[in-house]
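# Structural characterization, general
The primary structure of each chain is shown beneath.
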Amino acid sequence: MNPYILATLLFGLGLGTTITFASSHWLLAWMGLEMNTLAIIPLMAQHHHPRAVEATTKYFLTQAAAAATLLFASVTNAWLTGQWEIQQITHPLPSTMITLALALKIGLAPFHAWLPEVLQGLNLTTGLILSTWQKLAPFALILQLQPSNSTLLIILGLTSALIGGWGGLNQTQLRKILAYSSIAHLGWMILILQFSPSITLLTLLTYFIMTLSAFLVFKLNKSTNINTLATSWTKAPALTALTPLILLSLGGLPPLTGFMPKWLILQELTKQGLAPTATLAALSALLSLYFYLRLSYAMTLTIAPNNLTGTTPWRLPSTQLTYPLAISTVMTICLLPLTPAISTLLIS
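The rules behind each value
Residues numbered from 1 in each chain as written. Predicted model: local features only at pLDDT ≥ 70, side-chain atom pairs only at ≥ 80, totals over all residues. Heavy atoms only, no water. Phe/Tyr/Trp six-rings, centres within 6.5 Å; stacked < 30°, edge-to-face > 60°. Buried < 20%, exposed > 50% of the residue type's maximum accessible area, 1.4 Å probe, protein only. Lys NZ or Arg CZ within 6 Å of the ring centre and 35° of its normal. Domains from an automatic or database assignment. Contact = heavy atoms within 4.5 Å. Buried area = accessible area lost by both parts, 1.4 Å probe. Salt bridge = Lys/Arg side-chain N within 4 Å of Asp/Glu carboxyl O. Polar contact = N/O pair within 3.5 Å; in protein donor to acceptor, adjacent residues only side chain to side chain. Helix = DSSP H or I, 4+ residues; strand = E, 2+ residues; numbered from the N terminus. 1 Å grid on protein atoms, 1.4 Å probe; cavity = no way out; pocket = protein on both sides within 12 Å on 5 of 7 lines; lining within 4 Å. Points joined across faces, edges and corners; volume = space filled by probe spheres on them.

Another point: the packing of aromatic side chains. What the rule picks out here adds up to 4 aromatic pairs. Ring plane angle 50° and centroid distance 5.9 Å describe the contact between Tyr-207 and Phe-208, whose orientation is recorded as tilted. You can call Tyr-207 buried: its relative accessible area is 1%. What makes Phe-208 buried here is its relative accessible area of 17%. With a centroid separation of 4.9 Å and 55° between ring planes, the pair formed by Phe-291 and Tyr-292 is classed as tilted. Judged by relative accessible area, which is 1%, Tyr-292 ranks as buried. Sitting over the face of the ring of Trp-188, Lys-262 holds its NZ or CZ atom 5.2 Å from the ring centroid.

Written as structure tokens, this is what we have:
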């Protein structure tokens, strides 16, 4: 792709998100979401591969449906209450419709079916943008809506955590596994949203760091399914030794960074008297943990046939930039000791 066009599209992506962040009016927020969608579509379809085009079409249709529902709900709210302010959603009908439209935008269960299919058709770089940056604008709107619908948010959160764990069990494609991982993590964030927005933001930040590490590892190894992970020890032996820690951090095992948000969320849910909800969420984390362990096993405990093509790659220097991967890997593995400092900041 022409670098000028790429720069324009990335600028549009950033501008759309910024407009949604800065807006207090529903029309402006909707406009930012539309700019966001329209900027990423050429990036998704840039390789002209039938699967990429199919993924782009599916993404466009779901985002257009969500945006239309959002616009309809905000117009309904203006009609019922005379208010266009994002903070002033008081009527339960537009409030519920907007929550469901934003759930479809970010891929929360039961509106999740498009996300694994779309992610599977994209390359890893665009998939990373879709899994991280594209969640920011809808999340900003959900955060501003948050006091409205407690039961709905808990149902969406629990369903997403369970389906995100269940759906990934049977997958062999890494991008689909990362999509289900994304659904499960979003479920945890939505679950705690109304009780502690600051913990939600912390969870979103740690999810971004861990997902960045996972995508960059797979990009460095050029891996798109479980079988190709077995050859990664010849390409980057040190990274292969660290990757299980990245994956287990995504699964939320102590003493890794990923345990911190899960720990704080379970603690907060228990404080709010929602022990059954916390128990179900913790059990759903075990489902996710299984497929991360499966990836770790495929990567470190299975060795591909030791033929000539399997042993040469480590001799060649990598042409890819590894600094971002090094920084995100350290953050993915080592941030748990900062929990007391972070929880003090959250409380203050």
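It is worth spelling out the domain arrangement of the protein chain at this point. Looking at the assigned domains, one finds that the protein chain contains domain 1 (1–146) and domain 2 (149–198 + 209–306 + 322–347). Look at where the C-alpha atoms of domain 1 and domain 2 centre, and you get two points 23 Å apart. With 30 residues of domain 1 in contact, the opposing surface of domain 2 contributes 28 residues. Taken together, both faces of the contact between domain 1 and domain 2 bury some 2,600 Å²; the carbon and sulfur share is 75%. Across the domain 1-domain 2 interface, the total number found is 1 salt bridge. Close ionic contact of Glu-117 with Lys-176 constitutes a salt bridge, the shortest N to O distance being 3.4 Å. Here domain 1 and domain 2 share 5 residue pairs in polar contact (both at pLDDT 80 or more) between them. Of all the secondary structure elements, the ones that give two or more residues to the side of domain 1 that touches domain 2 are helix H4 (92–106), helix H5 (114–120), helix H6 (124–131) and helix H7 (133–145). Take the side of domain 1 that touches domain 2: its biggest share by element is 6 residues, from H4.

With that settled, consider the pattern of salt bridges. For the structure shown, the criterion picks out 3 salt bridges. Close ionic contact of Glu-54 with Lys-58 constitutes a salt bridge, the shortest N to O distance being 2.8 Å. One end of the pair is Glu-54 and the other is Lys-58, both in helix H3 (residues 50–81) and 4 residues apart, which spans about a single turn. A relative accessible area of 42% places Glu-54 in the partly exposed class.

Moving on to empty space enclosed by the protein. Taken as a whole and judged by the stated rule, the model has 3 cavities of 30 Å³ or more. Volume-wise, the largest cavity comes out at about 90 Å³. Together, 13 residues line the largest cavity, and Tyr-59, Gln-63, Lys-105, Gln-134 and Pro-138 are the ones closest to its centre. If you list the elements that add at least two residues to the lining of the largest cavity, you get helix H2 (26–44), H3, H4 and H7. Sort the elements by how many residues they give to the lining of the largest cavity and H7 lands first, with 4 residues. Roughly 60 Å³ of internal volume is contained in the second largest cavity.

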